[in-house]
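Inside the fold
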Amino acid sequence: MKPVNVGLLGLGTVGGGTVNVLSRNANEITRRAGRPIHIVKASARDLSRPRICDTTGIEVTSDPFAVVNDPNIDVIVELIGGNELALELVKKAIANGKHVVTANKALIALNGNELFALAQEKGVMVAFEAAVAGGIPIIKAIREGLAGNRIEWLAGIINGTSNFILTEMRDKGREFAAVLKEAQTLGYAEADPKFDVEGIDAAHKLTILASIAFGIPLQFDRIYTEGISRVRREDVSYAEQLGYRIKHLGIARRTSAGIELRVHPTLIPYRRLIANVDGVMNAVLVKSDAVGPTLYYGAGAGADPTASAVVADLVDVVRTLTTDPENRVPHLAFQPAAISDIPILPMAEVETAYYLRMEAADKPGVLADVTRIFGDQDISIEAILQKEPPVENVGTVSVIMLSQVVKEKRMNEALKRIERLDSIKGKVIRIRRENLG
Ligand code: HSE
């Protein structure tokens, strides 16, 4: 059977992993796809760099356009990341009538609406399983496996670097910077690690998940985004004492007023399975009406795990090469004409519970002032914990509170008033809290 010729853009961690997996499992993959899949040409920015894969038999070039313009190539695999050159290359590949497989979450989150329309016109596929949660087949699970359900909400640990850092802070008391450096060495972190620790990478992935879960356009700019860079070790430890773990979550929830789209550190009851997803591992919990909750767990980054998703997409593309483009699985799970513009809720309207920590003067009446302000805003407090002051901070105490569920704008108002009290030092630390029940 005639092989399918693939052009690979990028021979770094995921590109190298893809070459390795395709060659190691060539037999099994051919049995599944029905045709051998051959990488015939690959581009790399720096040809002299050592590789994690054997490129024998692959024509390697430093010019990615030589790959997308090669008439012998049927499918382009884009693994260079970023969204300028990648966008240009993917558009060129589509214009040349080639199918595209990509692991590029920024590209899909920011340009997916346009790319899918172009692909639709040309009758080609743009597959992106590897863009979310690395090796976990979460796109396929939501788009195809849950197609009979109305999805209510999903919550995911979708940035391995942040999860790795939070886990090391909790288990070993390690410093943020040292753990981040290790994640970079291990090849988990983004080229610019701010994307990991400021939540941008997770927001890219949540954009994609929300779109295929609810049939809405990709709307990266509507996501509330907060990373883990301000999470302190003491908060991780106080959360533990109250029965919670802090995880960096991407949450998309359908409510009667609109859809919540938010990425932020979150306290979750420690008994939840997802609260026990540690290290670089990812997990996505999906709550749907028919099947109930389902949890998808696995490696969210790294060479072979991400290559696993890239190769699965390649097999999918090969299987559908001969099918009528109108009858393929739609890029965003719902038929393009059925994508609906359900409103996205502003963060002020989102309802959630909170963990709060404030540094308060150690004198009578302070707690009464604070609780009065909460009372005025109709905010119920569920638990209060008071800690000894650190030696350098004699005269103040750390007060930790858990609030019940409240609209964010009411909490904003209460915190503004509390921070104005003379007896409260600095800003109140707030971390949102979800039950995920
Ligand atoms: N930087 C990403 C992470 C890589 O840490 O999850 C996988 O997308």
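See the structure printed just above.
We now turn to the structure provided with this report. What you see is a predicted model, and the numbers here were worked out from it, not measured in a lab. Every chain is numbered on its own, with residues counted from 1 as its sequence reads. In keeping with the predicted nature of the model, local features appear solely for residues at pLDDT of at least 70, side-chain atom pairs appear and are counted solely at 80 or more, and the whole-chain, interface and lining totals rest on all residues. To get the side-chain values, all heavy atoms of the structure are used, and hydrogens and water are removed first.

What about the sheet that holds strand 4 (residues 75-78)?
Across a sheet, paired strands are connected by hydrogen bonds in the backbone, their directions being either parallel or antiparallel. What counts, and what does not: Only strands joined by at least two bridges in the DSSP assignment are considered to pair. Where helices and strands are cited, they refer to DSSP runs of H or I of at least four residues and of E of at least two residues respectively, numbered from the N terminus.
If you trace the six strands from one edge of the open sheet to the other, you get 3-2-1-4-5-6, paired in parallel fashion. Across the chains shown, the open sheet's two edge strands, defined by having one partner strand only, are strand 3 (59-61) and strand 6 (126-127). Pairing of strand 1 (residues 4-9) with strand 4 involves four bridges; the strand directions are parallel. The residue of strand 4 that forms the bridge with Leu9 is Glu78.

A closer look at the pattern of salt bridges
Our working rule: Whenever a carboxyl oxygen of Asp or Glu lies within 4 Å of a side-chain nitrogen of Lys or Arg, that contact is scored as a salt bridge. Between buried and exposed lies partly exposed: a residue is buried under 20% and exposed over 50% of the maximum accessible area for its type, with that area taken using a 1.4 Å probe on protein chains only.
For the structure on display, the rule yields 37 salt bridges. Close ionic contact of Asp70 with Lys41 constitutes a salt bridge, the shortest N to O distance being 3.0 Å. A residue pair is termed long-range when its members are at least 10 positions apart, and Asp70 in the loop between helix 3 (64-68) and strand 4 and Lys41 in strand 2 (residues 37-43) qualify at 29 residues. With relative accessibility at 12%, the residue Asp70 sits in the buried group. Accessibility expressed as a relative area gives 11% for Lys41, which makes it buried. The partner of Arg372 in a salt bridge is Asp369, and the shortest N-O contact between them spans 3.3 Å. Of this pair, Arg372 and Asp369 both sit in helix 13 (residues 366-376), three residues apart, roughly one helical turn.

Digging into the packing of aromatic side chains
For the record, the criterion: Centres within 6.5 Å make a pair out of two Phe, Tyr or Trp rings, where for Trp the six-membered ring is used; the pair is then stacked when the planes are under 30 degrees apart, edge-to-face when over 60, and tilted otherwise. Two limits define a charge over a ring: the Lys NZ or Arg CZ must be within 6 Å of the ring centre, and within 35 degrees of the ring normal.
With the rule as written, the count across this model stands at two aromatic pairs. Aromatic pair Phe164 and Tyr188: ring centres 6.0 Å apart, planes at 80°, arrangement edge-to-face. On the criterion of sequence distance, the pair formed by Phe164 in helix 7 (residues 160-172) and Tyr188 in the loop between helix 8 (176-185) and helix 9 (194-197) is long-range, its members being 24 residues apart. By relative accessible area, which is 9% here, Phe164 ends up buried. In this structure, Arg143 is placed above the aromatic ring of Phe128, and the distance from its NZ or CZ to the ring centre is 5.9 Å.

Remarks on the pairing of strand 5 (residues 99-102)
How we decide: The path from the first strand over the helix to the second decides the hand: if it runs clockwise while the strands point away from the viewer, the crossover is right-handed.
Side chains His99 and Val101 of strand 5 all project onto a buried face; the interleaved residues Val100 and Thr102 project onto the opposite face, where all are buried too. With four bridges joining them, strand 4 and strand 5 adopt parallel strand pairing. Counterpart to Ile76 in the pairing with strand 5 is Val100. Handedness of the crossover joining strand 4 and strand 5 through helix 4 (residues 85-95) is recorded here as right-handed. Pairing of strand 5 with strand 6, which is carried by two bridges, proceeds in the parallel orientation. Across the sheet, Val100 pairs through a bridge with Val126, a residue of strand 6.

Things to note about the site of the ligand
Under the convention used in this document: Here a residue is near a molecule or strand as soon as one of its heavy atoms is found within 4 Å of it. A 3.5 Å cut-off defines polar contacts: any pair of N or O atoms within that distance qualifies, except that in protein one atom must be a possible hydrogen donor and the other a possible acceptor, and neighbouring residues in sequence count only when both atoms are side-chain atoms. Each accessible area is a Shrake-Rupley result for a 1.4 Å probe, and residues are judged covered by the shown protein chains and nothing else. In this classification, the charged set is Asp, Glu, Lys and Arg, the nonpolar set is Ala, Val, Leu, Ile, Met, Phe, Trp, Tyr, Cys and Pro, and all remaining amino acids, among them Gly, are polar.
Surveying the vicinity of the ligand reveals the residues Lys105, Asn159, Gly160, Thr161, Tyr188, Ala189, Glu190, Asp196, Asp201, Lys205, Gly300 and Ala301. One of the side-chain N or O atoms of Glu190 is found 2.6 Å from a nitrogen atom in the ligand. Out of a free accessible area of 260 Å², the ligand has 92% covered by protein chains. Looking at the shell around the ligand, the elements with two or more residues in it are helix 7 and helix 10 (200-214). Tallied by class, the residues present in the shell around the ligand amount to three nonpolar, four polar and five charged.

Notes on helix 14 (residues 408-419)
Worth spelling out the cut-off: A helix is expected to span 1.5 Å for every residue after the first. The directions from the helix axis to the C-beta atoms form the arc being described. Two residues qualify as a contact provided that any one of their heavy atoms is within 4.5 Å of a heavy atom in the partner residue.
In this model helix 14 runs 16 Å from its N-terminal to its C-terminal C-alpha over twelve residues, within 8% of the 16 Å that 1.5 Å per residue would give. For helix 14, the set of buried residues is Glu408, Met411, Ala414, Leu415 and Ile418. Viewed end-on, helix 14 has its buried residues packed into an arc of 120°, placing them on one side of the element. Those residues of helix 14 that are buried lie in contact with strand 13 (351-361), helix 13, strand 15 (396-407) and strand 16 (424-433).

As for unusual backbone geometry
Of note in this structure, Ala133 is not a glycine but carries a positive phi near 60°. Tracing the sequence through the fold places Ala133 in the loop between strand 6 and helix 6 (138-145). Since its relative accessible area comes to 0%, Ala133 is described here as buried. In this structure, Asp378 takes a positive phi of about 60° despite not being glycine. Classification of Asp378 as exposed rests on a relative accessible area of 60%.

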